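The lines below spell out each chain.
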Amino acid sequence: MTEKKKNLCMVCAKPSETSICDSCKRQIQGEAADKKQKIEKSVKVGSEVEKDRRIKHKTDK
Ligand SMILES: [Zn+2]
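Not measured: the values here are computed from a predicted model. (Residues numbered from 1 in each chain as written. Predicted model: local features only at pLDDT ≥ 70, side-chain atom pairs only at ≥ 80, totals over all residues.)

**As for the overall build of the chain**
Helix and strand content of the chain: 1 helix and 2 strands. Along the chain, helices (α) and strands (β) appear in the sequence β-β-α when read from the amino end. Counting every position in the chain, which comprises 61 residues, the buried fraction comes to 2%. (Helix = DSSP H or I, 4+ residues; strand = E, 2+ residues; numbered from the N terminus. Buried ≥ 20, exposed ≤ 12 C-beta atoms within 10 Å, placed from the backbone.)

And the structure:
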């Protein structure tokens, strides 16, 4: 009766010692990093556009 409780990866449902297996964990971390980079990039671009618009508006008058 010493059967080890088997955990399954909650992402791919494969037997894993943790709730998320290493490959899925890496994938999630990679996606999160990718998402973060994209968000940072879009925010930067958005603020740059706004800045440009403000400058144009100012110089227009
Ligand atoms: Zn997995």
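**Here we look at unusual backbone geometry**
Here the phi dihedral of Ala13 falls at roughly 65°; this positive angle occurs in a residue that is not glycine. Position of Ala13 among the secondary structure elements: in the loop between β1 (7–8) and β2 (15–16).

**Some thoughts on the environment of Ser23**
Along the chain, Ser23 turns up in helix α1 (residues 22–60). The spatial distance from the C-alpha of Ser23 to the C-alpha of Cys12 is 9.5 Å, given a sequence separation of 11 residues.

**Considering the environment of Pro15**
For Pro15, the location among the structural elements is in strand β2. Setting aside residues no more than four positions away along its own chain, Pro15 makes contact with Lys6 and Leu8. (Contact = placed C-beta atoms within 7 Å.)

In short, geometric facts, not functional conclusions.
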